[in-house]
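Chain and residue survey
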Amino acid sequence: MHVDRESRVTDNLLPDIKYVTTWNFGGMTNEVMVWMNLIRLGMISDRIPILYPIVGLELHFGTGVETISAGGFFDLPRLSKAIGHPVLDWADVKRGRYDRPWNPIDRAWHDDDEMLGCWSIYQTFDESRIPIDREGGPLVVHVDARYTGVPESVRLNGTTTGWDTSFNSLTHLMSPEGRSEALSQQPPLPTYSRANRPLSDGVAFPQPDDHLACFDCLYWVWTKQYWEWEQAPSPTWEAVGKHLHFTREADEIADIYLRQLFGVAHDAPIPPFITVHIRHGDFKRQCPDVANTKSCFAPLSEYDRHIQDIVHDLAEKHGPESTLGKVKEVIVMSDETDPEWWADVHRMGWKSMREFEQVISRDHGMRWPAIVDSIVQSRGAGFVGTSRSTMSIIAAWRVIDWNDGPWRL
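The paragraphs below set out a description of the structure included in this document. (Residues numbered from 1 in each chain as written. Predicted model: local features only at pLDDT ≥ 70, side-chain atom pairs only at ≥ 80, totals over all residues. Heavy atoms only, no water.)

**Comments concerning unusual backbone geometry**
Here the residue pair Q186 and P187 is connected by a cis peptide bond, since its omega of -5 degrees sits within 30 degrees of zero. Here P187 shows up in the loop between α6 (176-183) and β7 (191-192). Looking along the chain, the bond that leaves A232 and enters P233 is cis, with omega of -5 degrees. In this fold, P233 is placed in the loop between β9 (221-222) and α7 (235-239). The phi dihedral of D404 is positive, around 55 degrees, even though this residue is not glycine. Along the chain, D404 falls in the loop between α13 (390-403) and β14 (407-408). The exposure class of D404 is partly exposed, given its relative accessible area of 48%. (Helix = DSSP H or I, 4+ residues; strand = E, 2+ residues; numbered from the N terminus. Buried < 20%, exposed > 50% of the residue type's maximum accessible area, 1.4 Å probe, protein only.)

Structure representation (structure tokens):
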């Protein structure tokens, strides 16, 4: 496929192939889960998924945070080969300020924005009746999205509230029959476009594009039941996630700082370790007593108990005298900012990657401390995480399937 990134995305797509895409949703791990859902939807519907980049505003990271494509740290060619299905980045098909610091112009209107009809799940199921548009959404890739609400029939069976849909119902919606059914409904499905950019005189509101199907959000998509990420087996993890490995370059960046953390030579093997993810940050908002958030979280002694369980499991599985049976090193990752809490972590004899955050940001970009944390978590001989944290859930699956390691949440 010849790609002129200065032209319209629809001009860069193969005419006899159909595609599907969506925009960003939430934090980095949530974005990765959206990518997995999008890829699986593409596999089921026989469409090529186009992965939207991770976009972060300055209020999340401070000045200078870069927009980064999935292929910037995930090995998409390896994934495509493993699942037998092509996967593209938006950077492959359309101009945009990829891998550059975010700028307010990214979420402003551009003279060359192309109009694209999209489906909106939020417009139908959310009380606001407005499509979700986080952090600039389609404007980052110079797309003027005009939405049509999905029909109620795409709702996940057994649910009556929320934004939950199913892969099969969305696949049917994108089929010729399903599309015709939806667009011929009476009364017609509701449409939405931004009030500050009205259509020009004589320009009809675009129907959802069939060549490049797009949705405002694909976070809440399931096979048969809600929150399948913690189900064993987890359908989307099995189909996509377990094959979505980091690039060799990303792994090598993590290797640099792991060797520094353990004080070993640049060509020496990295000692085995257990990884721990302790999420506090935004979970503090869920505390009944906001003045005493510490009471909401498990103490470090509870994590230590689970670590000892992991040590026992490894010794039982590999033998007490084996390298993995004698793992003592522990690396803790957390969004906690309290220095006293971190001092307690280090008094437990556990290590952390915090000392490298500034140099990683300086040398590789402000996204990379979180990426390195994800890689380090995935390297654990065993893993202890935080219940209900998506970062912990995905890290646990990586340790289970990539390392055959024990885990606790």
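**With respect to the environment of D92**
Along the polypeptide, D92 turns up in the loop between β3 (88-89) and β4 (114-120). Given a relative accessible area of 35%, D92 falls into the partly exposed group. Here D89 takes part through its backbone nitrogen, which lies 2.8 Å from a polar atom of the side chain of D92. (Polar contact = N/O pair within 3.5 Å; in protein donor to acceptor, adjacent residues only side chain to side chain.)

**A look at the state of the cysteines**
In a disulfide, the sulfur atoms of two cysteines are covalently bonded to one another. This structure, assessed with the given rule, holds 1 disulfide. What pairs with C118 in a disulfide is C214, and their sulfur atoms sit 1.9 Å apart. Its S-S torsion of about -95 degrees marks the bond between C118 and C214 as left-handed, since a negative value means left-handed. Of this pair, C118 sits in strand β4 while C214 sits in strand β8 (residues 212-215), and the two are 96 residues apart along the sequence. A disulfide-free cysteine, C217 has its sulfur positioned 13 Å from the sulfur of C118, the nearest such atom. (Disulfide = S-S within 2.5 Å.)

**Remarks on helix α12 (residues 368-378)**
Of all 11 residues that make up α12, 10 are buried, and the element is covered over most of its length. By the burial criterion, the buried members of α12 are W368, P369, I371, V372, D373, S374, I375, V376, Q377 and S378.

**A short note on the sheet that holds strand β13 (residues 382-384)**
In spatial order, the strands read β12-β11-β10-β13-β14; together these 5 strands make up an open sheet with parallel pairing. One side of each edge strand has no neighbouring strand; the edge strands of this open sheet are β12 (351-352) and β14. With 2 bridges joining them, β13 and β14 adopt parallel strand pairing. Paired with F383 across the two strands is W407, which belongs to β14. Against the sheet, α12 contacts β10 (274-278), β11 (330-334) and β13, and its axis sits at roughly 140 degrees relative to β11. (Pairing = 2+ DSSP bridges. Contact = heavy atoms within 4.5 Å. Axes fitted to C-alpha atoms, helices over the stretch in contact; angles between N-to-C directions.)

**Some details on the nonpolar core**
Among the nonpolar cores identified, the biggest contains 70 residues, and F73, F215, W229, I331, M353 and W368 are the most heavily contacted of them. Contacts of W229, omitting those with residues within four sequence positions, involve M33, M36, N37, W222, S234, T236, W237, I393, I394 and W397. Core analysis: the next-biggest nonpolar cluster, separate from the first, contains 24 residues, I48, Y52, L88 and Y147 among them. (Core = buried A, V, L, I, M, F, W, Y, C linked by side-chain atoms within 4.5 Å.)

**Side note on empty space enclosed by the protein**
In the structure shown here, the tally under the stated rule is 3 cavities of 30 Å³ or more. Considering only enclosed or pocket space, the largest cavity measures out at about 110 Å³ in volume. Considering the residues around the largest cavity, the lining is formed by 13 residues, among which T29, V32, F74, S374 and R398 are closest to the centre. Among the elements of the structure, α1 (28-45), α12 and α13 are those that each provide at least two residues to the lining of the largest cavity. The element best represented in the lining of the largest cavity is α13, accounting for 4 residues. Here the lining of the largest cavity is composed, by residue class, of 9 nonpolar, 3 polar and 1 charged. (1 Å grid on protein atoms, 1.4 Å probe; cavity = no way out; pocket = protein on both sides within 12 Å on 5 of 7 lines; lining within 4 Å. Points joined across faces, edges and corners; volume = space filled by probe spheres on them. Nonpolar A, V, L, I, M, F, W, Y, C, P; charged D, E, K, R; others polar.)

**Things to note about the side chain of R179**
Assignment of secondary structure puts R179 in helix α6. Among residues more than four places away in sequence, those in contact with R179 are H172, L173, Q207, P208, D209 and D210.

**Regarding the pattern of salt bridges**
Scanning all chains against the criterion turns up 16 salt bridges. We note a salt bridge from D210 to K18, for which the minimum N-O separation is 2.8 Å. With D210 in the loop between β7 and β8 and K18 in the segment before β1 (19-22), the pair connects residues that are 192 residues apart, well separated along the chain. Judged by relative accessible area, which is 26%, D210 ranks as partly exposed. Close ionic contact of K351 with E329 constitutes a salt bridge, the shortest N to O distance being 2.9 Å. With K351 in strand β12 and E329 in the loop between α9 (300-318) and β11, the pair connects residues that are 22 residues apart, well separated along the chain. (Salt bridge = Lys/Arg side-chain N within 4 Å of Asp/Glu carboxyl O.)

**Considering the packing of aromatic side chains**
Overall, the coordinates contain 21 aromatic pairs when judged by the stated rule. The interplanar angle of 40 degrees and the centroid separation of 6.0 Å between the aromatic rings of W23 and W90 together place this pair among those described as tilted. With W23 in the loop between β1 and α1 and W90 in the loop between β3 and β4, the pair connects residues that are 67 residues apart, well separated along the chain. W90 shares its class with W23; the two are buried. Look at W341 and W342: their rings are 5.0 Å apart centre to centre, the planes differ by 90 degrees, and that puts the pair in the edge-to-face class. (Phe/Tyr/Trp six-rings, centres within 6.5 Å; stacked < 30°, edge-to-face > 60°.)

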